[in-house]
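Observations on the model geometry
Chain by chain, the residues run as shown.
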Amino acid sequence: MANIIVPSPTIFTSSCVLRSEQQQLFVSKLNAVIGGIDSSYSLWNSCIQPRNNSRNTFQLKCSNGHPLNSVSSHDGVVGSSLAKEDSKPQPTEASYPLSGSECIGSNLSITVVGASGDLAKKKIFPALFALYYEDWLPENFIVYGYARTKMTDEELRDMISKTLTCRIDKRENCEDKMDQFLKRCFYHSGLYNSEDDFSDLDSKLKEKEGGKDSNRLFYLSIPPNIFVDVVKCASLKASSRNGWTRVIVEKPFGRDSESSSELTRCLKQYLAEEQIFRIDHYLGKELVENLSVLRFSNLVFEPLWCRNYIRNVQLIFSEDFGTEGRGGYFDNYGIIRDIMQNHLLQILALFAMETPVSLDAEDIRNEKVKVLRSMRPIQLEDVVVGQYKGHNKGGKSYPGYTDDPTVPKDSLTPTFAAAALFIDNARWDGVPFLMKAGKALHTKRAEIRVQFRHVPGNLYKRNFGTDLDKTTNELVLRVQPDEAIYLKINNKVPGLGMRLDRSDLNLLYRARYPREIPDAYERLLLDAIEGERRLFIRSDELDAAWSLFTPLLKEIESKKIAPELYPYGSRGPIGAHYLAAKHNVRWGDLGIEE
Ligand SMILES: NC(=O)C1=CN([C@@H]2O[C@H](COP(=O)(O)OP(=O)(O)OC[C@H]3O[C@@H](n4cnc5c(N)ncnc54)[C@H](OP(=O)(O)O)[C@@H]3O)[C@@H](O)[C@H]2O)C=CC1
Ligand SMILES: O=C1O[C@H](COP(=O)(O)O)[C@@H](O)[C@H](O)[C@H]1O
């Protein structure tokens with residue numbers, strides 16, 4: 001690719017000027033009025049910017065880019081208690097030039113820290129390009145890659161260009177768009193704990209920002225042991241001067257309650273809670289986003305969402321590949337920390353929370369914390385752990401977990417787990433929430449399954465034979481692959497007799513919605529840019545999640561519980577079926593063949 005030199009002033013041309021505070025007030029009020037209305041004009045950080053896109057956002061934004069009620073009482077409490085402890089000024093998200101200045105909302109610098117890594121290449125740069133491609137990014141944005149690896153801007157562009165893809169329906173101008181996007185990507189090599197290197201980054205950012213005030217977003221796509229170093233250097237040396245500075249933090253957020261609290265404590269020395277965007281990419285998946293819509297906007301579901309009608313809920317995650325390439329990381333965490341404590345528990349909290357006061361981030365997160373704190377401590381006897389072993393199938397041999405050279409031969413780390421969880425509140429008393437997560441299984445899929453109770457005194461029960469369990473309704477949200485929502489119902493087989501069968505009312509996304517579904521990272525990056533915190537994990541949510549799992553993890557580790565071995569590519573340990581049977585549950589995914 002040719003060397004592309006972009007003079008910085010052309011990157012940051014001013015797009016909107018706020019004339020007076022009155023005008024901002026008007027924008028703010030207008031925002032409040034139009035709320036979630038689909039409009040071809042999006043009010044973004046107080047600028048009236050024509051955008052090709054409209055986002056049916058739930059959020060009301062005020063004129064400085066904050067959601068109207070974005071700073072929660074929770075944040076306030078944390079901030080004030082810290083202030084007392086440390087008696088030094090606590091970080092806040094930003095101060096904004098509110099009048100007479102150029103609109104900072106149209107200037108954004110994104111720094112991907114760990115740009116040379118797997119996640120950055122696979123997910124973050126492609127998501128940023130997709131946002132650019134669909135006109136979601138502010139007019140004046142730049143992307144900086146930062147890592148230790150020595151690379152030129154051109155080499156970074158070359159590296160990321162390999163993973164960029166275009167939306168299927170608009171391939172025509174794809175090459176142009178890619179070139180334009182790549183022109184805005186730059187690279188700076190530096191150490192993660194060097195304030196000088198971050199100062200140099202700051203100088204380069206400023207140069208490319210063309211001397212204009214700009215908001216800054218840092219994405220920490222790095223191993224967790226260097227999170228704090230980076231946050232320290234970035235916040236001290238490369239924060240935005242007049243706009244906001246936000247940091248997206250990747251998981252894992254610690255490996256138990258103590259390490260997680262310590263991480264939070266360290267991050268909060270440099271950042272306010274409102275600047276920290278803890279990402280759980282499952283919350284950005286389309287079907288997970290839709291969970292609340294399905295429940296709260298459909299009368300056929302909302303009243304049924306409780307112990308009176310729901311017999312059990314199943315949260316299932318499976319991958320048909322092992323830890324190949326990530327064994328070193330994985331062995332220190334295991335499947336419970338990797339998938340259950342975060343992705344599946346987050347889905348559970350969204351599923352089971354009480355109706356939030358509003359769709360505001362803090363109202364939703366308040367309800368999630370409440371339901372997490374109502375959960376019963378997980379008992380070891382309600383958990384099954386497994387580990388995959390090598391297997392030969394169709395003339396091909398698949399390695400066992402401990403065959404990975406980065407994994408100790410005697411590792412007891414679970415690559416599979418199933419657990420029964422309970423919520424001790426009025427809505428869910430006695431309803432088992434079953435989780436199952438595993439690597440190297442027979443299929444790749446993530447699902448939420450809701451099994452309903454029997455119809456009392458069912459008139460047709462003699463038509464079903466003896467197994468009434470097979471006749472209950474089941475609602476399935478297939479998160480991936482091939483997103484779908486289907487409801488298993490009992491139906492009369494057409495004909496003169498009275499034969500019933502189980503059929504699906506099926507909403508297959510690819511049939512109903514021809515548009516490609518955005519990747520979870522696109523949604524979450526855009527939310528972070530827009531200051532929408534609904535899909536990010538607040539620190540008290542994180543504490544509640546760890547409180548639930550830490551005692552169990554400690555017990556498994558201290559008792560050196562041996563995982564049940566299962567062959568690579570199988571359905572996992574038999575123990576998972578005994579666990580389900582103990583709670584009178586049948587896994588809903590049993591019939592699925594791959
Ligand atoms: N990969 C994935 O699918 C997922 C990853 N994550 C999380 O995202 C983050 C990034 O993941 P991923 O990209 O896979 O990670 P990588 O292991 O690829 O690390 C990213 C970059 O960090 C630097 N790095 C790696 N190890 C060290 C080290 N020990 N000390 C200092 N720097 C190091 C390297 O850059 P350089 O040497 O150039 O400085 C590397 O390119 C992690 O927190 C991970 O847990 C979360 C979900 C999925
Ligand atoms: O967070 C993680 O998620 C991936 C699975 O993500 P998906 O979006 O591809 O389903 C998992 O492979 C990885 O182990 C885990 O850290």
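Overview of the structure.

The rules behind the values
Residues numbered from 1 in each chain as written. Chains lettered and ligands numbered in written order. Predicted model: local features only at pLDDT ≥ 70, side-chain atom pairs only at ≥ 80, totals over all residues. Heavy atoms only, no water. Helix = DSSP H or I, 4+ residues; strand = E, 2+ residues; numbered from the N terminus. Buried < 20%, exposed > 50% of the residue type's maximum accessible area, 1.4 Å probe, protein only. Contact = heavy atoms within 4.5 Å. Areas by Shrake-Rupley, 256 points an atom, 1.4 Å probe, with all protein chains shown as cover. Near = heavy atom within 4 Å. Polar contact = N/O pair within 3.5 Å; in protein donor to acceptor, adjacent residues only side chain to side chain. Nonpolar A, V, L, I, M, F, W, Y, C, P; charged D, E, K, R; others polar. 1 Å grid on protein atoms, 1.4 Å probe; cavity = no way out; pocket = protein on both sides within 12 Å on 5 of 7 lines; lining within 4 Å. Points joined across faces, edges and corners; volume = space filled by probe spheres on them. Pairing = 2+ DSSP bridges. Salt bridge = Lys/Arg side-chain N within 4 Å of Asp/Glu carboxyl O. Axes fitted to C-alpha atoms, helices over the stretch in contact; angles between N-to-C directions. Core = buried A, V, L, I, M, F, W, Y, C linked by side-chain atoms within 4.5 Å. Patch = residues over 30% accessible without salt bridge, like charges linked within 9 Å, V, L, I, M, F, W, Y side chains within 5 Å.

1. Examining the overall build of the protein
The number of helices and strands found in the protein is 17 helices and 20 strands. Each of the 594 residues in the protein was classed as buried or not, and the buried ones make up 57%. When contacts within the protein are restricted to residue pairs at least 6 apart in sequence, long-range pairs at least 24 apart make up 78% of them. Just so you have it, the protein exposes about 25,700 Å², and 53% of that area is on carbon and sulfur atoms.

2. Overview of the site of ligand 1
With respect to spatial proximity, 18 residues lie near ligand 1, and among them Ser 116, Leu 119, Thr 149, Tyr 192 and Ile 222 are the closest. One nitrogen or oxygen atom from the side chain of Ser 116 is found 2.7 Å from an oxygen atom belonging to ligand 1. Ile 222 has a polar backbone atom sitting 2.8 Å from an oxygen atom of ligand 1. Here ligand 1, which alone exposes 870 Å², has 76% of that area covered by the protein. Sort the elements by how many residues they give to the shell around ligand 1 and helix α4 (residues 118–133) lands first, with 3 residues. A per-class count over the shell around ligand 1 returns 7 nonpolar, 5 polar and 6 charged.

3. A few points about empty space enclosed by the protein
Going through the model one piece at a time under the given rule, you end up with 7 cavities of 30 Å³ or more. Space inside the second largest cavity adds up to approximately 110 Å³. Ranked by the residues each element gives to the lining of the second largest cavity, the list is headed by strand β9 (residues 310–318), at 3 residues. Within the lining of the second largest cavity, the residues separate by chemical class into 5 nonpolar, 4 polar and 4 charged.

4. Digging into the site of ligand 2
Lining the immediate surroundings of ligand 2 are Lys 251, His 281, Tyr 282, Lys 285, Glu 319, Arg 326, Asp 338, His 343, Lys 439, Lys 444 and Gln 480. In the environment of ligand 2, an oxygen atom lies 2.7 Å from a nitrogen or oxygen atom belonging to the side chain of Lys 251. Asp 338 places a polar side-chain atom, nitrogen or oxygen, 2.6 Å from an oxygen atom of ligand 2. Burial of ligand 2 by the protein chains amounts to 83% of its free accessible area of 400 Å². A per-class count over the shell around ligand 2 returns 1 nonpolar, 3 polar and 7 charged.

5. Details of the pairing of strand β5 (residues 185–189)
With 5 of 5 residues buried, β5 is to be regarded as a mostly interior element. Of the two faces of β5, the one carrying Cys 185, Tyr 187 and Ser 189 and the one carrying Phe 186 and His 188 are both buried. Two strands pair when backbone bridges link them, and strand β4 (residues 140–147) and β5 are joined in this way by 5 bridges, in the parallel orientation. Pairing of Gly 145 across the sheet is with Tyr 187, part of β5.

6. Observations concerning the environment of Ser 240
Tracing the backbone through its elements, the reader meets Ser 240 in the loop between α8 (227–237) and β7 (245–249). Residue class for Ser 240 comes out buried when judged on its relative accessible area of 10%. A C-alpha to C-alpha distance of 27 Å links Ser 240 and Arg 365, two positions 125 residues apart in sequence. Those residues in contact with Ser 240 that sit more than four places away from it in its chain are Ser 214, Asn 215, Arg 216 and Thr 245. A polar contact of 2.6 Å, which involves the side chain of Ser 240, links it to the backbone oxygen of Ser 214.

7. What about the pairing of strand β6 (residues 215–220)?
Here β6 lies mainly inside the structure; 6 of its 6 residues are buried. Here β6 shows two buried faces, one formed by Asn 215, Leu 217 and Tyr 219 and the other by Arg 216, Phe 218 and Leu 220. Sheet topology note: the strand β3 (residues 107–113)/β6 ladder contains 6 bridges and is parallel. Bridged to Leu 108 within β6 is Asn 215.

8. Considering the pattern of salt bridges
Overall, the coordinates contain 40 salt bridges when judged by the stated rule. In this structure, Lys 232 engages Glu 195 in a salt bridge whose closest nitrogen and oxygen atoms are separated by 3.9 Å. Linking Lys 232 in helix α8 with Glu 195 in helix α7 (residues 195–209), this pair joins segments that are 37 residues apart in sequence. With a shortest N-O distance of 2.8 Å, Lys 368 and Glu 541 are connected by a salt bridge.

9. Re the sheet that holds β7
Across the sheet, which stays open at both edges, the 7 strands sit in the order β5-β4-β3-β6-β7-β8-β19 with mixed pairing between neighbours. Pairing within the sheet leaves two strands with one partner each, and these edge strands are β5 and β19 (536–537). Relative to β19, strand β8 (residues 276–279) runs antiparallel, the two sharing 2 bridges. Its bridge partner being in β19, Arg 278 is matched across the sheet by Ile 537. Against the sheet, α4 makes contact with β3, β4 and β6, and its axis sits at roughly 165 degrees relative to β3, the strand it touches most. Packed onto the sheet, helix α5 (residues 153–161) meets β4 and β5 and runs at close to 120 degrees relative to β5.

10. A word on the nonpolar core
Of all hydrophobic cores here, the largest spans 153 residues; its most connected members are Phe 181, Ile 336, Phe 351, Phe 433, Leu 475 and Phe 549. No other element matches the 12 residues that helix α12 (residues 334–352) contributes to this core. The residues touching Phe 351, leaving out its near neighbours within four places in the chain, are Leu 291, Arg 295, Trp 305, Ile 310, Val 313, Trp 428, Phe 433, Ile 448 and Val 450.

11. What to know about a nonpolar patch on the surface
Judged by side-chain polarity, Leu 459, Tyr 460 and Met 498 come together as a nonpolar surface patch covering roughly 350 Å² of accessible area. On the basis of relative accessible area, Tyr 460 is assigned to the partly exposed category, the value being 38%.

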